[in-house]
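Tertiary structure, described
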Amino acid sequence: MSSIMAVGLSHQAAGSQWGTNALISFGAEGCVIHVTTNDLLGDIQRAGRRLDAQGIKAVNLTGMAWGLDAIWAFLQGYRNPKADNTVLWPTLSALDEAELQARIKTINWVCDIINQPADVVAPSQLAARAGEFIKSLAPEHVTYKIVKGNDLLDEGWHGIHAVGRGSDHRPAMLRLDYNPTGDANAPVFACIVGKGITFDSGGYSIKPSAGMTAMKADMGGAALATGGLALAMARGLNKRIKLVLCCAENMISGRALKLGDIIKYKNGKTVEVLNTDAEGRLVLADGLMYANSQHPELIIDCATLTGSAKMALGNDYHALLSFDQDLSRQALAAAAQEGEGMWPLPLAEIHRNMLPSNFADLANISSGDFMPGASTAAAFLSYFVENYQQGWMHIDASGTFRKSANDQWAAGATGMGVKTLARILAQ
């Protein structure tokens, strides 16, 4: 008997012996997934999750009903960070097979690096691995530089250095240039800036243990930014893109950032640190200023930035914040086309006035009751974007990582948002 389970796909309801609205039925030849609701792809993903949870580790998707999107939905549910499941599928067209392989390669990289522990993925390792991954896809078109430790101060990147100085692992900034045009003076279409906090203890504003268990995933924005560029390249992206990853480990020591410290940034802005657990925005500020210097048409930053966004949207949507309404509409349309969750949260001039400091130009958190944390975090970032009202969008990546499994996802990284970002870059 074969150890590979045959899995068919049907739009007919399962026999009554399997229960009302049964999603899966089994027979001598294998099993059948019964998709009879309007949430076809969601049902397929749930079936994949259920089969993995039952310990079925090798499947063959059989029949003519399996297309690109159906196969991908199954793979999303069948993924397990603790085991390499085996999936075979029917022959696809050359274009569909290429797209499927590109998704597998890029999103598996994203999920794998997010799921790995912080003692494996330190700031310099994150920067180097992201740079090498992108370079491996198009060696002739990619160059990159990593600035580490005190060299950050020499270049004026005080935010990344301040957050990372309390750790034994040196902070780092990755600056990568993907230029397929062949013209060294080609304009930069987009800069993507990623938050790469490889572990977030909260610093002296220390997190409780339960809030720290998933903080190896606080570099999910950097992984998302890298994966989005990688998938766009695989899809034939022919525009010049720069990737900037702001990498640090937020730890406690005699060197660590303290409450009341003031950071003076390269653009002259001074920031009073009122909460060391609001560190992501402090490192992203440097990345956004570097992005400004490249004069791109578009700046996108990706970050697991606030608990407020996750409280509002849960794990199933990334939050989108932007002053540019046309850009927001394009991003939301891209997410809808890719079948990924993205939802807008408000960002307006009033939020920029909610960060007062008695000792600096602004504080790194808002104070008072019922402050809109996701909006004020994005407003903080806007002070480091020269033309913040146009061509800039912030993704607060709430759906990057799940602490526990549900009926669609295994615990761990999801890879959600990579396809959306790739589509935005291709527009």
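Looking at an unreviewed UniProt entry, one finds the chain named Peptidase B, with Photobacterium malacitanum as its source organism. Turning to the chain, the UniProt annotation filed under Function (unreviewed entry) states: "Probably plays an important role in intracellular peptide degradation."

Turning our eyes to something else, we now look at the overall build of the chain. Along the backbone of the chain there are 14 helices and 18 strands. In summary, the chain has a C-alpha radius of gyration of 22 Å against a globular reference of 22 Å for 427 residues, a match within 12%. Across its three principal axes, the chain shows a C-alpha extent of roughly 70 × 50 × 40 Å. Out of the 427 residues belonging to the chain, those deemed buried represent 59%. Counting every atom, the chain has about 17,700 Å² of accessible surface; 52% of that belongs to carbon and sulfur. Distance from the positive charge centre (35 side chains) to the negative charge centre (40 side chains) of the chain: 3 Å.

The UniProt record annotates "domain: Cytosol aminopeptidase" (unreviewed entry) at residues 275–282. Between the end C-alpha atoms of residues 275–282 the distance is 11 Å, and the span holds 38% helix and 0% strand.

Right, let's talk about the domain arrangement of the chain for a bit. Note: interface size is frequently given as the accessible area lost on complex formation between the parts. Here the chain is described as being made up of domain 1 (5–92) and domain 2 (107–426). On the domain 2 side, the residues contacting the ten residues of domain 1 number 13 residues. For the pair domain 1 and domain 2, the number of links is zero salt bridges. Elements with a minimum of two residues in the side of domain 1 that touches domain 2: α1 (40–53) and α2 (68–78). Element by element, the count of residues in the side of domain 1 that touches domain 2 is highest for α1, at four residues.

The next point concerns the nonpolar core. Core analysis: the biggest nonpolar cluster contains 84 residues, and W66, F74 and L229 have the highest contact counts within it. For this core, the two domains that each supply at least three residues are domain 1 (5–92) and domain 2 (107–426). Once you skip the residues sitting within four places of it in the chain, W66 turns out to touch V7, G8, L9, I33, I44, L61, I71, F74, P90 and L92. Membership of the second largest hydrophobic core comes to 50 residues, among which are M173, L257, A303 and F380.

In this section: the packing of helix α3 (residues 94–115) against helix α8 (residues 220–234). Remark: α3 packs on α8, axes separated minimally by 9 Å, with the N-to-C direction vectors making an angle of 165°. Taken as axis vectors, α3 and α8 run roughly antiparallel relative to one another. Crossing angle aside, the handedness with which α3 passes α8 is right-handed. For the pair formed by α3 and α8, the contact residues are A102, R103, T106, W109, V110, I113 and I114 on the first element and G220, A223, L224, T226, G227, A230, L231 and A234 on the second.

Bringing the pairing of strand β4 (residues 58–61) into the picture now. Sheet analysis places strand β1 (residues 5–10) next to β4, joined by three bridges and oriented parallel. Bridging from a neighbouring strand, A6 pairs with N60 of β4. As judged from the three bridges shared by β4 and strand β5 (residues 86–88), these two strands associate in the parallel manner. Residue V59 lies in a different strand from β5, and its bridge partner there is V87. Crossover β4 to β5 through α2 is right-handed.

For strand β16 (residues 392–396), a buried count of five out of five residues is recorded, marking the element as mostly surrounded by other parts of the structure. On β16, burial covers both faces: W392, H394 and D396 on one face and M393 and I395 on the other are all buried. Sheet topology places strand β12 (residues 298–303) next to β16; five bridges connect them, and they run parallel. Of the residues in β16, the one forming a bridge with A303 is D396.

As a further point, take the sheet that holds β5. Read across the sheet, five strands follow the order β2-β3-β1-β4-β5 without closing on themselves; strand pairing throughout is mixed. Each edge of the open sheet is held by one strand with a lone partner, namely β2 (24–27) and β5. If you compare each strand with its neighbour and ignore which way they point, the axes differ by 25° on average. Direction of pairing for β1 relative to strand β3 (residues 30–34): parallel, over a ladder of four bridges. When the sheet's bridge partners are listed, G8 is paired in β3 with V32. Where α1 meets the sheet, it contacts β1, β2 and β3, and its direction lies at approximately 55° from that of β2.

The next subject is the environment of L345. Residue placement: L345 occurs in the loop between β14 (342–344) and α12 (349–352). With relative accessibility at 18%, the residue L345 sits in the buried group. Residues L345 and D154, spaced 191 residues apart in sequence, show a C-alpha to C-alpha distance of 37 Å. Beyond its immediate chain neighbours, meaning those up to four positions away, L345 contacts A309, A319, L320, L321 and A374.

The subject of this paragraph is unusual backbone geometry. Here the phi dihedral of N21 falls at roughly 55°; this positive angle occurs in a residue that is not glycine. One can find N21 in the loop between β1 and β2. Look at H295: it is not a glycine, yet its phi comes out positive at around 55°. If you trace the backbone, H295 turns up in the loop between α9 (280–293) and β12. Owing to a relative accessible area of 63%, H295 belongs among the exposed residues under this scheme.

What counts, and at which threshold
- Residues numbered from 1 in each chain as written.
- Predicted model: local features only at pLDDT ≥ 70, side-chain atom pairs only at ≥ 80, totals over all residues.
- Heavy atoms only, no water.
- UniProt positions renumbered as here; feature names shortened; annotations may be inferred.
- Helix = DSSP H or I, 4+ residues; strand = E, 2+ residues; numbered from the N terminus.
- Rg over C-alpha atoms; globule rule 2.2 N^0.38 Å.
- Buried < 20%, exposed > 50% of the residue type's maximum accessible area, 1.4 Å probe, protein only.
- Areas by Shrake-Rupley, 256 points an atom, 1.4 Å probe, with all protein chains shown as cover.
- Lys, Arg positive; Asp, Glu negative; His and termini not counted.
- Charge placed at Lys NZ, Arg CZ, Asp CG, Glu CD.
- Domains from an automatic or database assignment.
- Contact = heavy atoms within 4.5 Å.
- Salt bridge = Lys/Arg side-chain N within 4 Å of Asp/Glu carboxyl O.
- Core = buried A, V, L, I, M, F, W, Y, C linked by side-chain atoms within 4.5 Å.
- Axes fitted to C-alpha atoms, helices over the stretch in contact; angles between N-to-C directions.
- Parallel < 35°, antiparallel > 145°, perpendicular 65-115°, else oblique.
- Left-handed = near helix turned anticlockwise from the far one by under 90°.
- Pairing = 2+ DSSP bridges.
- Right-handed = clockwise from strand over helix to strand, strands pointing away.

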